[in-house]
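# Secondary and tertiary structure notes
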Amino acid sequence: MSEPTHADLANAIRALSMDAVQAADSGHPGMPMGMADVAVVLFRDFLRFDASRPDWPDRDRFILSAGHGSMLLYSLLHLAGYEDLTLDDLRAFRQLGSKTAGHPEHGHAAGVETTTGPLGQGLANAVGMALAERHLAARFGDALVDHRTFVIAGDGCLMEGISHEAISLAGHLGLSKLTVLFDDNHISIDGATDLAVSDDQLARFTASGWHVTRCDGHDPAAVKAAIAEALAVTDRPSMIACRTTIGYGAPTKANTASAHGSPLGAKEIAGARERLGWPHPPFEIPAPIAAAWRAIGARGKATREAWEARLAAQGDARRAELTRALRGELPASLAATVRETKAAWMASAPKKATRVSSGDALDVLCGVVPELVGGSADLTGSNKTKAKGVGVVAKGAWGERYVHYGVREHAMGAAMNGMALHGGVIPFGGTFLVFTDYLRPALRLSALMEQRVIYVMTHDSIGLGEDGPTHQPIEHLMALRAIPNVCVFRPADAVETLECWELALERRDGPSVLALTRQDLPAVRTSGDPTLNRCRGGAYVVREPEGARDVTLLATGSEVELALAAADRLAADGVAAAVVSMPCWELFAKQAEAYRGEVLGTAPRVSVEAGVTFGWSRWRVAASAGIDTFGVSAPYEQAYAHFGLTPERVAALAREAMG
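Residues numbered from 1 in each chain as written. Predicted model: local features only at pLDDT ≥ 70, side-chain atom pairs only at ≥ 80, totals over all residues. Heavy atoms only, no water.

In this section: the overall build of the protein. Broken down by element type, the protein carries 25 helices and 16 strands. In terms of overall size, the protein behaves like a compact globule, its C-alpha atoms giving a radius of gyration of 27 Å where 659 residues would be expected to give roughly 26 Å. Counting across all 659 residues of the protein, residues that qualify as buried make up 61%. Contacts in the protein between residues far apart in sequence, at least 24 positions, make up 78% of those at least 6 positions apart. Summed over all atoms, the accessible surface of the protein reaches about 23,400 Å², with 51% contributed by carbon and sulfur. (Helix = DSSP H or I, 4+ residues; strand = E, 2+ residues; numbered from the N terminus. Rg over C-alpha atoms; globule rule 2.2 N^0.38 Å. Buried < 20%, exposed > 50% of the residue type's maximum accessible area, 1.4 Å probe, protein only. Contact = heavy atoms within 4.5 Å. Areas by Shrake-Rupley, 256 points an atom, 1.4 Å probe, with all protein chains shown as cover.)

The next point concerns the packing of helix α14 (residues 334-348) against helix α20 (residues 494-506). Contact geometry for α14 and α20: axes closest at 9 Å, N-to-C directions at 170 degrees. It follows that α14 is roughly antiparallel to α20 by the angle criterion. In this structure, α14 uses Leu334, Val338, Thr341, Lys342, Trp345 and Met346 to contact α20, whose residues at the interface are Ala494, Val495, Leu498, Glu499, Glu502 and Leu505. A breakdown of the residues in the contact of α14 with α20 according to their chemical character gives eight nonpolar, one polar and three charged. (Axes fitted to C-alpha atoms, helices over the stretch in contact; angles between N-to-C directions. Parallel < 35°, antiparallel > 145°, perpendicular 65-115°, else oblique. Nonpolar A, V, L, I, M, F, W, Y, C, P; charged D, E, K, R; others polar.)

Turning to its location among the elements, Thr337 is positioned in helix α14. A distance of 3.0 Å separates the side chain of Thr337 from the backbone oxygen of Ser333, its partner in a polar contact. Excluding residues within four positions of it along the chain, Thr337 makes contact with Val364 and Val368. (Polar contact = N/O pair within 3.5 Å; in protein donor to acceptor, adjacent residues only side chain to side chain.)

Moving on, we come to helix α13 (residues 316-327). Over its 12 residues, α13 runs 16 Å from end to end, which matches the ideal 16 Å to within 8%, given 1.5 Å per residue. Residues Leu322, Arg324 and Ala325 constitute the buried set of α13. Projected down its long axis, α13 shows its buried positions confined to an angular sector of 160 degrees, all on one face. More than 90 degrees from the buried face of α13, the exposed residues found are Asp316 and Arg327. Gly328 lies just past α13 and shows a positive phi near 80 degrees. (Expected span 1.5 Å × (residues − 1). Arc of directions from axis to C-beta.)

Taken in spatial order, the five strands of this open sheet run β12-β14-β13-β15-β16, and their pairing is mixed. The two strands at the open ends of the sheet, each matched to only one other strand, are β12 (540-543) and β16 (623-625). Here the average twist between neighbouring strands, direction ignored, is 30 degrees. Alignment of strand β13 (residues 551-555) against strand β14 (residues 577-581), held across five bridges, turns out to be parallel. Its bridge partner being in β14, Thr552 is matched across the sheet by Ala578. Contacts from helix α25 (residues 647-658) reach β13, β15 (605-608) and β16, with the element oriented near 175 degrees to β16. (Pairing = 2+ DSSP bridges.)

With 127 residues, the main nonpolar core has Ile227 and Trp293 as its most contacted residues. With 11 residues, helix α5 (residues 121-140) is the single largest residue contributor to this core. Setting aside residues no more than four positions away along its own chain, Ile227 makes contact with Val41, Leu42, Phe46, Phe150, Leu181 and Ile240. Residues Val560, Ile627, Leu645 and Val650 belong to the second largest nonpolar core, which totals 46 residues. (Core = buried A, V, L, I, M, F, W, Y, C linked by side-chain atoms within 4.5 Å.)

All right, on to the environment of Ala504 then. Within the secondary structure, Ala504 sits in helix α20. When its relative accessible area of 1% is taken as the criterion, Ala504 is described as buried. Not counting residues up to four positions away in its chain, the partners in contact with Ala504 are Arg452, Ile454 and Ser512.

The sheet built from six strands is open, its strands ordered β7-β6-β8-β9-β11-β10 with parallel pairing. The two strands at the open ends of the sheet, each matched to only one other strand, are β7 (402-404) and β10 (487-489). Put simply, the sheet's adjacent strands are angled 20 degrees from each other on average, direction ignored. Here three bridges tie strand β6 (residues 372-376) to strand β8 (residues 426-432), and the two strands are oriented parallel to one another. Bridging across to β8, Ser376 finds its partner in Gly430.

Moving on to the pairing of β13. For a regular strand, side chains alternate in direction, first toward one face of the sheet and then toward the other. Burial within β13 is extensive, with five of its five residues counted as buried. Taking every second residue as pointing to the same face, both faces of β13 are buried, with Val551, Leu553 and Ala555 on one and Thr552 and Leu554 on the other. Between the parallel elements β13 and β14, the chain passes through helix α21 (residues 559-572) in a crossover that is right-handed. (Right-handed = clockwise from strand over helix to strand, strands pointing away.)

This next bit is on the packing of helix α17 (residues 409-422) against helix α18 (residues 440-448). Interaxial distance between α17 and α18 falls to 7 Å at its minimum, and their mutual angle equals 20 degrees. Looking at the two axes, α17 sits roughly parallel to α18. Seen from above, α17 lies across α18 with left-handed handedness. For the pair α17 and α18, contact is made by His410, Gly413, Ala414 and Asn417 and by Pro441, Ala442, Leu445 and Ser446, respectively. Split by residue class, the contact of α17 with α18 holds four nonpolar, four polar and no charged. (Left-handed = near helix turned anticlockwise from the far one by under 90°.)

Turning our attention to the environment of Thr245. Along the chain, Thr245 falls in the loop between β5 (238-243) and α10 (266-276). Look at Thr245 and you get partly exposed, because its relative accessible area is 25%. Through-space distance from the C-alpha of Thr245 to that of Pro604 is 66 Å; in sequence the pair is 359 residues apart. The residues touching Thr245, leaving out its near neighbours within four places in the chain, are Gly34, His218, Ala254 and Asn255.

What follows deals with helix α7 (residues 161-173). Here α7 spans 19 Å end to end across 13 residues, near enough to the 18 Å set by a 1.5 Å rise per residue. If you check which residues of α7 are buried, you get Ile162, Ser163, Glu165, Ala166, Ile167, Leu169, Ala170, Gly171 and Leu173. If you follow the buried residues of α7, they end up packed against α5, α6 (155-159), β3 (178-184), α8 (201-207), β7 and α17. Two residues or fewer past α7, Gly174 is found with a positive phi of approximately 65 degrees.

This is the structure:
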């Protein structure tokens, strides 16, 4: 066989994609076949990577936002020589236990930078990755951090609302090392895209401050020129509309919706092989073509080795600090700082809203954890997310540590995922708890990808008062607890808030939600060993009566105060009531059975939480004080009384539970 041509390289992708989808009897062959030419040009001529070192920190990031076309990514990784993906893995596409899931899943195989599939998420992840790159370059210098982020996005990605938020944010920040390759194939699941959308995408990106151009996605010279033009732009991100044919090469299904999400079928695949000039059997790549692809995968080795030499030449302290940050390790001084702060707060017993205590905690934590990069969705003053002395990230000021995300909750969550995936940054972002509804898909992906992302959600109940039921979260705590691998923290006072922040920082295998109050709360913990994080067990006894318990009151957050007051009333009547603070159900559920039994006791239990009572049966409560309707607009004291969240009613429920 003669020297492989561009068409040979692209057809290898097309063949593997249609063969794997056919073998699985499910999948999406059309997009990989349509974008194969663009992908070849990107990987061969521009993308800086080394397949032998997929974790090289200064590699370019490649994001397949159109995750349904996962066989494009899997084919590229296998062909380029990523050891994680063998031909057997491709043959096992979409099968139980396979690395090649239906949509790309981060952590399954090296080279899969993020989990995509929910359209638009990868695009917004890429914005976070590009921001993290610029931030770390400002901190450590371009000699150590200088790479690009490339995204393939489809029509569906650009129809999703999150794309509007992400595109706007990237343009505003001038993230010039971000390039979007738009698979402009004019086909969606239902048919031609003009059934549902007629946006001028180039005009839309231009309006958001992007450089834009278009090219024939099947002309490699045109694609190469368009990417080169984009990389020459230094003041804004770029979008290239690559006009492609979905299912390119398929004799009857190319340029039709039937190529999108179903196997082509044996007859159509045979016709495609003939039309593409690919006579080889399924999953067979001729040696010269395989060798050419392996050479592409090894092209960045010298660049990677030069980077490693530059890193080695750094001073010990600088090299160690970059390495620590990229590994996600916390500074050694953090524990002592938390201990000293906790001791001071126990002594001063502040009466504060936990959102204010969270802000106080950030003032301390941001001073010792330089990786903390925070922000808010236009609620900075309410969320208390901007630490003292922290500057604002802006175009050309990427080294600062506070991001004004604007009213873009969904993009904020997805961008934070991208920052966490990139490494070197611990992102946190704030909004009202009720608006987790606007970012839930990103939060769910934080959990699925096991990423350390911290969601600072304030105004966590009817305690926010007069803003009323549109802003008062009722079902939200339980809805968040229902998402696997999310730790929902609802602290009761300043000390618990600091402890929950410490736990969120330590947690490296999933996201944390801090649910914080608007209203002031009294100090619950005013003594004890400051070296012990009592929230670490998820729940603990705040007050234990003398002798045997008659009843146990389980409470979270602001309702711990209420439970303590109810216990006082019960004690006056000779009823021995224990009070348990449960700041994190998820951590409590992981504790040993003996510890859980010690905390919960055997007496009847009553739950107290200003939200839906649904879910408390998990802890076998006999009664619940909560809210199973929407809230009301009123001063918060009146709202609590209206819903019977008073010490008197809790005490009455306890008596009923005791029989």
